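So you can see what is in the structure, the chains are spelled out below.
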Amino acid sequence: MRLVVDWDGTVTVRDSLVQVIHEFGDASLLRELEPRVGVDLTLHEEIALEFAAITAPLDEVVAWVVEHVEVRPGLRELAELEPLVISAGFHELIEPVLARKGVELEVLANRLDATPDGWVVRFRDEAACATCGEPCKRASVAGEPYAYVGDGYSDRCAALAAERVFARDGLARHLDGLGVDYEPFGDLIDVAAALG
Ligand SMILES: [Mg+2]
Ligand SMILES: [Zn+2]
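Note that the structure is predicted; figures quoted are calculated from it, not measured.

Draft legend 1. Geometry of the sheet that holds strand β4 (residues 118-122). Overall, mixed pairing links the 7 strands, which are arranged β4-β3-β2-β1-β5-β6-β7 in an open sheet. Single-partner strands in this sheet number two, and they are β4 and β7 (183-184). The pairing of strand β6 (residues 164-167) with β7 spans 2 bridges and is classified as parallel. Its bridge partner being in β7, Ala-167 is matched across the sheet by Pro-184.

Draft legend 2. Here's a closer look at the pairing of strand β2 (residues 84-90). The element β2 is extensively covered by neighbouring structure, given that 7 of its 7 residues are classed as buried. Of the two faces of β2, both are covered, the one formed by Leu-84, Ile-86, Ala-88 and Phe-90 as well as the one formed by Val-85, Ser-87 and Gly-89. The pairing of strand β1 (residues 2-5) with β2 spans 2 bridges and is classified as parallel. Along β2, the bridge assignment pairs Val-5 with Val-85. Across 4 bridges, the pairing between β2 and strand β3 (residues 106-115) is parallel. By the bridge assignment for β3, Leu-84 is matched with Glu-106. What joins β2 to β3 is helix α6 (residues 91-101), and the crossover it makes is right-handed.

Draft legend 3. Layout of a nonpolar patch on the surface. Together, Leu-160, Leu-178 and Val-180 line one region of the surface with nonpolar side chains, adding up to about 230 Å² of accessible area. Examined against the element boundaries, Leu-178 turns out to sit in helix α9 (residues 169-178).

Draft legend 4. Expanded view of the packing of aromatic side chains. All told, the structure shown has 4 aromatic pairs when counted by the stated rule. With a centroid separation of 4.9 Å and 70° between ring planes, the pair formed by Phe-51 and Phe-90 is classed as edge-to-face. Taken as a pair, Phe-51 in helix α3 (residues 43-52) and Phe-90 in strand β2 lie far apart in primary sequence, 39 residues in all. For the pair Phe-51 and Phe-90, a shared accessibility class is recorded, and that class is buried. With centroids separated by 6.3 Å and ring planes inclined at 25°, the aromatic side chains of Phe-51 and Trp-119 adopt a geometry described as stacked. Here Trp-119 lies in strand β4 and Phe-51 lies in helix α3, a separation of 68 residues in the sequence. The burial state of Phe-51 is the same as that of Trp-119; both residues are buried. Taken together through their ring pairs, the aromatic side chains of Phe-51, Phe-90 and Trp-119 make up a single cluster. The ring centre of Phe-185 lies 5.7 Å from the NZ or CZ of Arg-168, which sits over that ring.

Draft legend 5. Structural view of the coordination of the zinc ion (ligand 2). Looking at the metal site, the zinc ion (ligand 2) is ligated by Cys-129 (SG), Cys-132 (SG), Cys-136 (SG) and Cys-157 (SG), spaced 2.3 to 2.4 Å from it. Here the donor residues of the zinc ion (ligand 2) are spaced in sequence according to C-x2-C-x3-C-x20-C. The buried category is assigned to Cys-129, whose relative accessible area is 11%. For Cys-132, a relative accessible area of 39% translates into the label partly exposed.

Draft legend 6. Inspection of the packing of helix α1 (residues 16-24) against helix α4 (residues 58-68) at higher detail. Taken N-terminus to C-terminus, the directions of α1 and α4 make an angle of 125°; their axes are 11 Å apart at the nearest point. As summarised for this structure, α1 and α4 are arranged oblique, according to the angle between their axes. In this structure, α1 crosses over α4, and the sense of that crossing is right-handed. On α4, the residues touching Gln-19, Val-20, Glu-23 and Phe-24 of α1 are Glu-60, Val-61, Trp-64, Val-65 and His-68. Of the residues belonging to the contact of α1 with α4, the class tally is 5 nonpolar, 2 polar and 2 charged.

Draft legend 7. Region of interest: α9. Within α9, burial applies to Leu-171, Ala-172 and Leu-175. Along α9, the residues classed as buried sweep out an arc of 100° about the axis, all on the same side. Exposed positions of α9 whose direction lies more than 90 degrees from the buried face are Arg-173 and Gly-177. Next to the buried residues of α9 lie β5 (146-150), α8 (156-160) and β6. Once α9 finishes, Gly-179 follows within two positions and takes phi at roughly 70°, a positive value.

The rules behind the values
- Residues numbered from 1 in each chain as written.
- Chains lettered and ligands numbered in written order.
- Predicted model: local features only at pLDDT ≥ 70, side-chain atom pairs only at ≥ 80, totals over all residues.
- Heavy atoms only, no water.
- Pairing = 2+ DSSP bridges.
- Helix = DSSP H or I, 4+ residues; strand = E, 2+ residues; numbered from the N terminus.
- Buried < 20%, exposed > 50% of the residue type's maximum accessible area, 1.4 Å probe, protein only.
- Right-handed = clockwise from strand over helix to strand, strands pointing away.
- Patch = residues over 30% accessible without salt bridge, like charges linked within 9 Å, V, L, I, M, F, W, Y side chains within 5 Å.
- Areas by Shrake-Rupley, 256 points an atom, 1.4 Å probe, with all protein chains shown as cover.
- Salt bridge = Lys/Arg side-chain N within 4 Å of Asp/Glu carboxyl O.
- Phe/Tyr/Trp six-rings, centres within 6.5 Å; stacked < 30°, edge-to-face > 60°.
- Lys NZ or Arg CZ within 6 Å of the ring centre and 35° of its normal.
- Donors = N, O, S within 2.8 Å, 3.2 Å for Na, K, Ca; no water.
- Axes fitted to C-alpha atoms, helices over the stretch in contact; angles between N-to-C directions.
- Parallel < 35°, antiparallel > 145°, perpendicular 65-115°, else oblique.
- Left-handed = near helix turned anticlockwise from the far one by under 90°.
- Contact = heavy atoms within 4.5 Å.
- Nonpolar A, V, L, I, M, F, W, Y, C, P; charged D, E, K, R; others polar.
- Arc of directions from axis to C-beta.

So this is what it looks like as C-alpha coordinates:
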(Lines give C-alpha, C1' and ligand atoms only; values in the text may rest on other atoms or scores of the structure.)
(Ligands and ions follow the chains in the order given, each with its own letter.)
Protein backbone atom coordinates (compact mmCIF):
# COMPACT_ATOMS: atom_id res chain seq x y z
CA MET A 1 0.00 0.00 0.00
CA ARG A 2 1.16 3.47 -0.84
CA LEU A 3 2.23 5.71 2.04
CA VAL A 4 1.29 9.39 1.99
CA VAL A 5 2.59 11.77 4.65
CA ASP A 6 1.96 15.39 5.49
CA TRP A 7 5.02 17.55 6.15
CA ASP A 8 4.37 20.30 8.69
CA GLY A 9 3.69 19.05 12.20
CA THR A 10 3.82 15.47 10.89
CA VAL A 11 7.37 14.97 9.64
CA THR A 12 8.43 18.17 11.40
CA VAL A 13 8.01 18.64 15.15
CA ARG A 14 6.41 22.07 14.72
CA ASP A 15 4.58 23.60 11.76
CA SER A 16 7.41 25.24 9.80
CA LEU A 17 5.00 27.62 8.06
CA VAL A 18 3.90 28.94 11.44
CA GLN A 19 7.56 29.18 12.52
CA VAL A 20 8.43 31.18 9.36
CA ILE A 21 5.45 33.50 9.82
CA HIS A 22 6.51 34.16 13.43
CA GLU A 23 10.10 34.84 12.42
CA PHE A 24 9.66 36.75 9.15
CA GLY A 25 5.98 37.67 8.81
CA ASP A 26 3.10 39.04 10.83
CA ALA A 27 2.09 36.65 13.61
CA SER A 28 -1.11 38.61 14.29
CA LEU A 29 -2.37 37.35 10.92
CA LEU A 30 -2.16 33.78 12.25
CA ARG A 31 -4.40 34.60 15.20
CA GLU A 32 -6.79 36.54 12.99
CA LEU A 33 -7.03 34.20 10.01
CA GLU A 34 -6.62 30.68 11.40
CA PRO A 35 -10.04 30.56 13.11
CA ARG A 36 -11.67 31.64 9.84
CA VAL A 37 -10.41 28.67 7.79
CA GLY A 38 -13.33 26.49 6.82
CA VAL A 39 -15.68 29.31 7.85
CA ASP A 40 -15.19 32.20 5.43
CA LEU A 41 -11.66 31.45 4.16
CA THR A 42 -10.14 28.45 2.43
CA LEU A 43 -6.79 27.13 3.69
CA HIS A 44 -5.22 28.45 0.46
CA GLU A 45 -6.62 31.93 1.09
CA GLU A 46 -5.22 31.89 4.63
CA ILE A 47 -1.77 30.78 3.45
CA ALA A 48 -1.69 33.35 0.62
CA LEU A 49 -2.54 36.22 2.98
CA GLU A 50 -0.03 35.16 5.63
CA PHE A 51 2.85 34.78 3.17
CA ALA A 52 2.05 38.04 1.37
CA ALA A 53 3.26 39.73 4.59
CA ILE A 54 6.76 38.19 4.23
CA THR A 55 9.28 40.27 2.29
CA ALA A 56 12.57 38.65 3.36
CA PRO A 57 14.83 37.18 0.66
CA LEU A 58 14.10 33.49 0.11
CA ASP A 59 17.69 32.37 0.74
CA GLU A 60 17.64 34.06 4.16
CA VAL A 61 14.44 32.23 5.10
CA VAL A 62 15.72 28.90 3.72
CA ALA A 63 18.90 29.25 5.80
CA TRP A 64 16.78 29.90 8.90
CA VAL A 65 14.50 26.95 8.14
CA VAL A 66 17.43 24.57 7.61
CA GLU A 67 18.86 25.65 10.97
CA HIS A 68 15.64 25.69 13.03
CA VAL A 69 13.09 23.26 11.62
CA GLU A 70 13.28 20.04 13.59
CA VAL A 71 12.28 16.67 12.11
CA ARG A 72 10.73 13.90 14.21
CA PRO A 73 12.88 10.83 14.88
CA GLY A 74 12.47 8.08 12.29
CA LEU A 75 12.66 9.98 9.01
CA ARG A 76 15.24 7.54 7.63
CA GLU A 77 13.14 4.53 8.63
CA LEU A 78 10.09 6.19 7.06
CA ALA A 79 12.07 6.98 3.88
CA GLU A 80 12.68 3.26 3.37
CA LEU A 81 8.92 2.90 2.79
CA GLU A 82 9.18 5.45 -0.07
CA PRO A 83 6.40 7.77 1.07
CA LEU A 84 4.93 10.60 -0.92
CA VAL A 85 5.14 13.86 1.01
CA ILE A 86 2.09 16.01 0.31
CA SER A 87 2.08 19.49 1.77
CA ALA A 88 0.10 22.70 1.79
CA GLY A 89 3.54 24.30 2.22
CA PHE A 90 6.34 24.87 -0.26
CA HIS A 91 8.99 22.90 -2.13
CA GLU A 92 11.40 25.75 -1.40
CA LEU A 93 11.11 25.22 2.38
CA ILE A 94 10.76 21.40 2.45
CA GLU A 95 13.49 20.14 0.13
CA PRO A 96 16.40 21.93 1.89
CA VAL A 97 15.36 20.28 5.19
CA LEU A 98 15.26 16.84 3.53
CA ALA A 99 18.65 17.53 1.96
CA ARG A 100 20.08 18.46 5.38
CA LYS A 101 18.85 15.08 6.63
CA GLY A 102 20.35 13.33 3.60
CA VAL A 103 16.94 12.00 2.60
CA GLU A 104 15.36 12.18 -0.84
CA LEU A 105 11.58 11.87 -1.05
CA GLU A 106 8.92 12.59 -3.62
CA VAL A 107 7.25 15.87 -2.65
CA LEU A 108 3.96 17.37 -3.82
CA ALA A 109 3.71 20.94 -2.57
CA ASN A 110 3.17 24.52 -3.65
CA ARG A 111 5.78 26.99 -4.85
CA LEU A 112 6.77 30.49 -3.87
CA ASP A 113 7.56 33.62 -5.78
CA ALA A 114 9.48 35.49 -3.08
CA THR A 115 9.17 39.08 -4.29
CA PRO A 116 10.46 41.92 -2.06
CA ASP A 117 6.90 43.32 -2.03
CA GLY A 118 5.56 40.18 -0.39
CA TRP A 119 5.70 36.50 -1.20
CA VAL A 120 3.28 35.21 -3.80
CA VAL A 121 2.11 31.62 -3.42
CA ARG A 122 1.84 29.52 -6.59
CA PHE A 123 -0.61 26.80 -5.64
CA ARG A 124 -0.07 23.42 -7.27
CA ASP A 125 -3.78 22.67 -7.49
CA GLU A 126 -6.54 25.26 -7.18
CA ALA A 127 -9.45 22.96 -8.07
CA ALA A 128 -12.11 22.74 -5.37
CA CYS A 129 -12.53 19.21 -4.01
CA ALA A 130 -15.93 17.63 -4.68
CA THR A 131 -16.01 16.26 -1.11
CA CYS A 132 -14.90 19.16 1.11
CA GLY A 133 -15.49 22.08 -1.26
CA GLU A 134 -12.02 23.63 -1.07
CA PRO A 135 -8.76 22.83 -2.82
CA CYS A 136 -7.39 19.90 -0.82
CA LYS A 137 -5.05 16.92 -0.93
CA ARG A 138 -7.64 14.23 -1.65
CA ALA A 139 -7.67 14.48 -5.46
CA SER A 140 -3.87 14.22 -5.65
CA VAL A 141 -3.78 10.92 -3.77
CA ALA A 142 -6.94 9.32 -5.18
CA GLY A 143 -6.64 6.23 -7.38
CA GLU A 144 -4.99 3.50 -5.34
CA PRO A 145 -5.30 2.55 -1.67
CA TYR A 146 -3.03 4.44 0.69
CA ALA A 147 -2.06 4.85 4.31
CA TYR A 148 -2.12 8.49 5.40
CA VAL A 149 -0.09 10.19 8.12
CA GLY A 150 -1.07 13.67 9.25
CA ASP A 151 -1.71 16.18 11.99
CA GLY A 152 -3.88 19.03 10.83
CA TYR A 153 -6.57 20.76 8.84
CA SER A 154 -4.98 20.13 5.43
CA ASP A 155 -5.09 16.37 6.10
CA ARG A 156 -8.74 15.98 7.03
CA CYS A 157 -10.28 15.15 3.66
CA ALA A 158 -7.46 12.93 2.35
CA ALA A 159 -7.31 11.04 5.67
CA LEU A 160 -11.00 10.15 5.41
CA ALA A 161 -10.34 8.40 2.07
CA ALA A 162 -7.35 6.40 3.36
CA GLU A 163 -7.29 2.66 4.11
CA ARG A 164 -5.27 3.34 7.22
CA VAL A 165 -4.75 6.62 9.10
CA PHE A 166 -2.01 7.68 11.49
CA ALA A 167 -3.03 10.88 13.23
CA ARG A 168 -1.98 13.25 15.97
CA ASP A 169 -2.91 16.70 17.29
CA GLY A 170 -5.70 18.54 15.42
CA LEU A 171 -6.31 15.74 12.92
CA ALA A 172 -6.68 13.22 15.75
CA ARG A 173 -9.17 15.50 17.54
CA HIS A 174 -11.11 16.01 14.30
CA LEU A 175 -11.33 12.25 13.68
CA ASP A 176 -12.32 11.70 17.33
CA GLY A 177 -15.18 14.13 16.77
CA LEU A 178 -16.31 12.20 13.70
CA GLY A 179 -15.93 8.81 15.41
CA VAL A 180 -13.42 7.73 12.74
CA ASP A 181 -10.73 5.20 13.70
CA TYR A 182 -7.05 6.03 13.40
CA GLU A 183 -3.74 5.00 14.88
CA PRO A 184 -2.09 7.63 17.08
CA PHE A 185 1.62 8.21 16.54
CA GLY A 186 4.34 9.96 18.50
CA ASP A 187 7.22 9.96 16.06
CA LEU A 188 8.01 8.52 12.64
CA ILE A 189 9.61 5.43 14.15
CA ASP A 190 6.11 4.45 15.36
CA VAL A 191 4.71 4.84 11.85
CA ALA A 192 7.53 2.96 10.13
CA ALA A 193 7.30 0.14 12.70
CA ALA A 194 3.53 -0.18 12.25
CA LEU A 195 3.86 -0.35 8.45
CA GLY A 196 7.14 -2.22 8.09
MG1 LIG B 1 0.46 19.37 9.02
ZN1 LIG C 1 -11.36 17.57 -0.02
